[in-house]
Amino acid sequence: MNEDKAQDATEDPPTDALPRAQIREPLPSLVLVSTPIGNLQDLSDRAREVLSCVNVILCEDTRTSAVLLRTHNIRQKCIALHEHNEEAALPRLIEAMQAGQRFALISDAGTPLVSDPGYRLVRATIDAGLSVSGVPGPNAAVLALTLSGLPPQPFLFTGFLPPRHGARRAAMAALRGAELAGLNATHVFYEAPHRLAAFLTDAMSVFGPRPAAVCRELTKHFEEVRRDTLATLAAHYTAVQARGEIVVVVGPAGQDEEGAKSLEESLRVALARMSVKDAAAAVAAATGLPKKQVYKRALELLDQG
Ligand code: SAM
């Protein structure tokens, strides 16, 4: 045996053994635990350990989480914490943590708070001077970004856009406005399958025919990543109804648009992609100029042809 490497039980353990001990003593008041996004085997050992140690697991839907917890033989008490009761539950939860209770927060899938409940609890826990920690793990947005084949950084995660056509287009136009002001990021969106075709059609008209990826059912049996232009993806999902859970990744603005700094250049780029109203709104947002002035200039440019 190598004398140098021999470890006496009375010595401090090697640092790579510390995280397990740290999890047990003392546990933070609140631990955010990421759980699988489809494949139940994607729960980490440390996640399982924390979920087995806390007094209570706060979960979005106790029935959904029961499947995961049963699979991993975790028998801790579960309480539902969702969008509709989070605010009202805060005083009771903070009081319990101050009395020494330890909570884990999980969502139905993936990383809590990411398009999921929990932000208000984290904020209140921090404000109460209590400790918050996390066990990282699956997240659909980051997995889709890495599988998309599109530049991984900078990236802008917007989550779900508004479901209605007008509001969705306005949200996309605002992002386009940010691009015209210099943002050069890959975009990551969550979308429901029944809205995918309409989403892609809007994205195509606002962002143009740039590269994108539709990532479906990640980590599950029918996982699929379809990489193509927004135009081709829009045509495909207009013809074929999408199923399952979906992340849409849209590549950054093209090189040809990077130099579009002046009002006129920005407007020309925007007018090639959008209606005059959307283009004026996007450029006004990007430049900080009054909407009326930008709209008037857009009409002039259209007249000039
Ligand atoms: N907190 C989760 C996370 O960390 O990814 C996201 C929760 S959000 C309510 C649910 C959305 O995430 C789905 O509608 C879908 O857009 C995306 N999503 C979740 N699981 C997915 C999967 N396995 N494949 C593709 N998208 C997924």
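Everything that follows concerns the structure shown earlier in this document.
Just so it is clear, the model here is predicted, and its values are computed rather than measured.

A. Structural view of the sheet that holds strand β3 (residues 77-80). Pairing is parallel in the open sheet, where five strands are placed in the order β3-β2-β4-β1-β5. Two strands bound the open sheet, and with one partner strand each, they are β3 and β5 (132-135). Ignoring strand direction, the axes of neighbouring strands in this sheet form an average angle of 25 degrees. Relative to strand β4 (residues 103-105), strand β2 (residues 56-59) is paired through three bridges, and the arrangement is parallel. The residue bridging valine 56 from the neighbouring strand is phenylalanine 103, located in β4.

B. Up close: the packing of aromatic side chains. Under the counting rule described, the total for this entry stands at three aromatic pairs. Relative to tyrosine 190, the ring of phenylalanine 160 lies with its centre 5.6 Å away and its plane at 65 degrees, an arrangement referred to as edge-to-face. With phenylalanine 160 in strand β6 (residues 155-160) and tyrosine 190 in strand β7 (residues 186-191), this pair connects stretches of sequence that are 30 residues apart. You can call phenylalanine 160 partly exposed: its relative accessible area is 48%. Classification of tyrosine 190 as buried rests on a relative accessible area of 10%. Judged by centre distance (5.2 Å) and plane angle (65 degrees), the ring pair of phenylalanine 189 and phenylalanine 199 falls under edge-to-face. With a gap of ten residues between them, phenylalanine 189 in strand β7 and phenylalanine 199 in helix α8 (residues 196-207) connect regions that are remote in the sequence.

C. Spatial organisation of the site of the ligand. Near the ligand lie 19 residues; those nearest to it are Thr111, Asp116, Asn139, Tyr190 and Ile246. Interatomic distance of 2.8 Å between a side-chain N/O atom of asparagine 139 and an oxygen atom of the ligand. Looking at the shell around the ligand, the elements with two or more residues in it are β7 and β10 (246-250). Taken together, the residues of the shell around the ligand break down into ten nonpolar, four polar and five charged.

Rules of the game
Residues numbered from 1 in each chain as written. Predicted model: local features only at pLDDT ≥ 70, side-chain atom pairs only at ≥ 80, totals over all residues. Heavy atoms only, no water. Pairing = 2+ DSSP bridges. Helix = DSSP H or I, 4+ residues; strand = E, 2+ residues; numbered from the N terminus. Axes fitted to C-alpha atoms, helices over the stretch in contact; angles between N-to-C directions. Phe/Tyr/Trp six-rings, centres within 6.5 Å; stacked < 30°, edge-to-face > 60°. Buried < 20%, exposed > 50% of the residue type's maximum accessible area, 1.4 Å probe, protein only. Near = heavy atom within 4 Å. Polar contact = N/O pair within 3.5 Å; in protein donor to acceptor, adjacent residues only side chain to side chain. Nonpolar A, V, L, I, M, F, W, Y, C, P; charged D, E, K, R; others polar.

Structural measurements only, silent on function.
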